[in-house]
Amino acid sequence: MASINDLPNEILEFIFGLIPPYQDLEQCGSVCKRWASLARNVRIRKKAILQKGLMDFNLCWRQEILSGQTPSIAARFAHASSVHRNSMYVFGGASSYDTTFNDLWRFDLSRREWIRPISMGTYPSPKAGASLVCHNDLLVLFGGWRHSYTPFQMCTLFDELHVYNIADNRWTIHNLAFGPPPMTGHSATVHRNKMIVFGGYQNTMENLGTSNDIWVLDLEKLAWKRPTVSDLKPPARYGQFQMAIGEDHILILGGTGGVNRIFNDAWLLDMRNDTWRWRNVQVRNKRGTVTHNWSYPACNIGSKVIVLGPTSPNDFQIVRQHRPANHGLHPPNLGRSRPPNAGDRNRAVEPNIPPRQNPVRPPPPPPPLAPVIPAIPAVPTQNLSPREPEPRPGPSRIPSPNPPAQPVAGPSRSTPSIRSPLYRHQQDDERMLPKRFNEAPSEHGHMAMAAFSVPPTNPPPVHASRERQLERLRKMEEKISAMRRDQREQQEHAAAAATAAIRNALPPALEVAPVTPKRIKRNGLAIYVCDISQLLSNDGKEPTIEWQETKNSGLIAGAPDHFTFSTMVTGNGELIVFGGLNKNPKSESSSVTNSVHFLTVPTTIV
């Protein structure tokens, strides 16, 4: 009787390639030496196929639908994640309810389910923005931030160092006499038995701001030290991506030094000599780089770096934070007092720590459907209501001829914002801000613009002439909608006729089932790929990296929504994206997700 071992290696390796490349493949490799060699070849081949898919842009997104019978992790952003063997570990993060977590979750990549380890020992403090690296069977957690509990208080930064032993399921804290200051937004990688930490937003004895310092943690002795570094250094930053190039080099990509100071540069750190030396890396094809190379997930696969980001600069907007004056304000400067000179260039720049937020509420019901009038003749002032429309927060404002002296404060609507010293004491300066056209004083009539689509709180009375204009516009809109429906029906009919013709031309054995193409979401995350294969060239040239040209602006069907502060880690032949914060600039609302997406290469069955 024939057995599976009678199959040639090529067929067995193909069968192993259809098995989940985690625990199931490990169990197959433990059967015998032949199967162990085939399983190892499958892992290498999956990694090579993923790199080729990144070069050819032959990729696909898959969202994991979790079972309702297993525990589920809470939605969060600014968490820390790392991969150890067949699991992805996630620690902490922040929610949309002004809270931070200190829980540890394990996502089983084989069974695609969440597991909550009931660990022992000294738990870390609830925090977000920490770094988590894996070394052997240990998870090393450092730094982070936490929201303040009371208004007018600064966010708390941490310098705690915790180690989680995966085998013993235990947390231990290490309070060291010498070490880096409290920080967040830093980056960390493991080299041999050392963890290298760079940059971040730090709270030192002298000031509170960005940094370009390097700290080294000996993972065997658990002791910090400061290496000797050359005078040439990258600008101070946080939110950058750091990856290990071999055992003796580190690559730094992107980051930010504050509001409107986004870095798209690259730096290489050489750690082979006693004095570590920074080198500025030449970036080729900058047109293909991500516009905002920070607060978005990134990871590396071999000689490729993958960054997720927006498709255009307009996808990343700076929105003012608006809060009523009669409630406690949470200052955007993390509670620090305003400097005496607002124009001081040397003042610290606050990181983009999302502000205190109210619970996420559903958006208000839409107003009655009516076309927006680009321009309406002015209405006599005696027919207008004496009450002025309330100002509403928005991403931009257009001056009006006569702004009101004391506008009424609008309703509070909490949104994530880019923190800047420019917005301090915003309630006191509210009366000096220009108003939009649809917030103009009543004596100038009411004007609406489609670019804002903000319904007025006290609309002016509608006269007969305006009613006739509205009626004509309604009829025109109905005609346009009918024409669009007819055009779609004609296109669908033509596509169906073409499919039927192809099916009739094929023999019965070759008939194919109709495939409905997936619509690509324009607000999804785009994929950016950087080639770093020429970073360590042996011909004496300067180190270079090159961003690749992407197809369809980097968008692929099934891409995750435009989430920031999510994480992306490397699995076996796939990339795993989890969590994040989604900001809707139209409704000025935010949402947090706990979805898991996988980026991989489409499977081809011969």
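Everything that follows concerns the structure shown earlier in this document.
Quick summary incoming for the structure in this document. (Residues numbered from 1 in each chain as written. Predicted model: local features only at pLDDT ≥ 70, side-chain atom pairs only at ≥ 80, totals over all residues. Heavy atoms only, no water.)

**So, the overall build of the protein**
Here is step 1: A count of helical and extended segments in the protein gives four helices and 33 strands.
Here is step 2: Counting the 606 residues in the protein, one finds 47% classified as buried.
Here is step 3: At a minimum sequence separation of 6, the contacts of the protein that also span at least 24 residues come to 65%.
Here is step 4: Approximately 31400 Å² of the protein is accessible, and the part contributed by carbon and sulfur atoms is 53%. (Helix = DSSP H or I, 4+ residues; strand = E, 2+ residues; numbered from the N terminus. Buried < 20%, exposed > 50% of the residue type's maximum accessible area, 1.4 Å probe, protein only. Contact = heavy atoms within 4.5 Å. Areas by Shrake-Rupley, 256 points an atom, 1.4 Å probe, with all protein chains shown as cover.)

**Considering the nonpolar core**
Here is step 1: The biggest cluster of nonpolar side chains holds 21 residues, and the ones touching the most others in it are Leu251, Val305, Ile532, Leu535 and Ile545.
Here is step 2: Those elements that provide at least two residues to this core are strand S21 (241–245), strand S22 (249–253), strand S23 (266–270), strand S27 (304–309), strand S28 (526–531) and strand S29 (544–547).
Here is step 3: Setting aside its immediate chain neighbours within four residues, Ile545 contacts Leu253, Ala266, Val281, Gln282, Val283, Arg284, Cys530, Asp531, Ile532 and Leu535.
Here is step 4: If you look at the next biggest cluster of nonpolar residues, it comprises 20 residues, including Val529, Leu575, Leu599 and Val601. (Core = buried A, V, L, I, M, F, W, Y, C linked by side-chain atoms within 4.5 Å.)

**What about helix H3 (residues 33–56)?**
Here is step 1: The end-to-end C-alpha separation of H3 is 34 Å, in line with the 34 Å expected for 24 residues at 1.5 Å each.
Here is step 2: Of all the residues in H3, the buried ones are Trp35, Leu38, Ala39, Val42, Leu50, Gln51, Gly53 and Leu54.
Here is step 3: Immediately beyond the C-terminal end of H3, within one or two residues, lies Phe57, with a positive phi of roughly 55 degrees. (Expected span 1.5 Å × (residues − 1).)

**Observations concerning the sheet that holds strand S16 (residues 201–203)**
Here is step 1: Pairing is antiparallel in the open sheet, where three strands are placed in the order S13-S16-S17. Looking along the sheet, the strands with just one partner apiece sit at the ends: strand S13 (183–184) and strand S17 (208–210).
Here is step 2: As judged from the three bridges shared by S16 and S17, these two strands associate in the antiparallel manner. When the bridges of S17 are listed, Asn203 appears paired with Leu208. (Pairing = 2+ DSSP bridges.)

**Some words on empty space enclosed by the protein**
Here is step 1: Applying the stated criterion to the full structure yields five cavities of 30 Å³ or more.
Here is step 2: Taken as a whole, the second largest cavity encloses approximately 50 Å³ of empty space.
Here is step 3: If you trace the second largest cavity, you find it lined by Leu525, Pro560, Asp561, Phe563, Ser566, Val577, Phe578, Gly579, Thr593, Ser595 and His597.
Here is step 4: Every element with two or more residues in the lining of the second largest cavity is listed here: strand S32 (575–584) and strand S33 (589–600).
Here is step 5: Within the lining of the second largest cavity, the residues separate by chemical class into five nonpolar, five polar and one charged. (1 Å grid on protein atoms, 1.4 Å probe; cavity = no way out; pocket = protein on both sides within 12 Å on 5 of 7 lines; lining within 4 Å. Points joined across faces, edges and corners; volume = space filled by probe spheres on them. Nonpolar A, V, L, I, M, F, W, Y, C, P; charged D, E, K, R; others polar.)

**Some points on helix H1 (residues 9–17)**
Owing to its 3.6 residues per turn, the α-helix brings residues three or four apart onto one side.
Here is step 1: If you check which residues of H1 are buried, you get Leu12, Glu13, Phe16 and Gly17. Buried residues in H1, looked at end-on, bunch into an arc of 140 degrees, giving them a common side.
Here is step 2: Structurally, H1 contributes buried residues whose contacts are with helix H2 (23–29) and H3. (Arc of directions from axis to C-beta.)

**Quick look at the packing of aromatic side chains**
Here is step 1: Throughout the structure, instances matching the rule amount to 16 aromatic pairs.
Here is step 2: Their ring planes at 70 degrees and their centres at 5.3 Å tell us that Phe16 and Trp35 sit as a pair that is edge-to-face. One end of the pair, Phe16, is in helix H1; the other, Trp35, is in helix H3, with 19 residues separating them in the sequence. Of the two residues, Phe16 and Trp35, both sit in the buried class.
Here is step 3: Through pairs of rings, three or more aromatic residues link up here, namely Phe77, Tyr201, Tyr238, Trp294 and Phe565.
Here is step 4: The side chain of Arg76 reaches across the aromatic face of Phe101, ending 4.3 Å from its centre. (Phe/Tyr/Trp six-rings, centres within 6.5 Å; stacked < 30°, edge-to-face > 60°. Lys NZ or Arg CZ within 6 Å of the ring centre and 35° of its normal.)

**Points about the sheet that holds strand S26 (residues 298–301)**
Across a sheet, paired strands are connected by hydrogen bonds in the backbone, their directions being either parallel or antiparallel.
Here is step 1: Strand order across the open sheet formed by five strands is S25-S29-S28-S27-S26, with mixed pairing between neighbours. The two strands at the open ends of the sheet, each matched to only one other strand, are strand S25 (282–284) and S26. Geometrically, the sheet is characterised by an average inter-axis angle of 25 degrees between neighbouring strands, direction not taken into account.
Here is step 2: Sheet strands touched by H3: S26, S27 and S28. Its angle to S27, the strand with the most contacts, is close to 55 degrees. (Axes fitted to C-alpha atoms, helices over the stretch in contact; angles between N-to-C directions.)

**A short note on the pattern of salt bridges**
Here is step 1: Overall, the coordinates contain 18 salt bridges when judged by the stated rule.
Here is step 2: The shortest N-O distance in the salt bridge between Arg111 and Glu113 comes to 3.3 Å.
Here is step 3: With a closest N to O distance of 3.8 Å, Asp531 and Lys304 form a salt bridge. Here Asp531, found in strand S28, pairs with Lys304, found in strand S27; they are 227 residues apart in sequence, far enough to count as distant.
Here is step 4: One network of salt bridges, with partners in common, ties together Arg62, Glu64, Arg112 and Glu574. (Salt bridge = Lys/Arg side-chain N within 4 Å of Asp/Glu carboxyl O.)

**Regarding the pairing of strand S14 (residues 187–191)**
Here is step 1: The buried count for S14 comes to four of five residues, which makes it a mostly enclosed element.
Here is step 2: Here five bridges tie S14 to strand S15 (residues 194–198), and the two strands are oriented antiparallel to one another. Note on S15: the bridge partner recorded for Ala188 is Val197.
Here is step 3: Linkage of S14 to S15, two consecutive antiparallel strands, is achieved through a turn of two residues, within which Arg192 is found at a positive phi near 55 degrees.

**Observations concerning the environment of Met568**
Here is step 1: By the secondary structure assignment, Met568 is in strand S31 (residues 567–570).
Here is step 2: Beyond its immediate sequence surroundings of up to four residues, Met568 is in contact with Pro297, Ala298, Cys299, Ile306, Leu308, Leu575, Ile576 and Val577.

**Let's talk about the pairing of S15**
Here is step 1: With respect to burial, S15 is a largely interior element, four of its five residues being buried.
Here is step 2: Pairing geometry for S15 and strand S18 (residues 214–218), over five bridges, is antiparallel. Residue Ile196 lies in a different strand from S18, and its bridge partner there is Val216.

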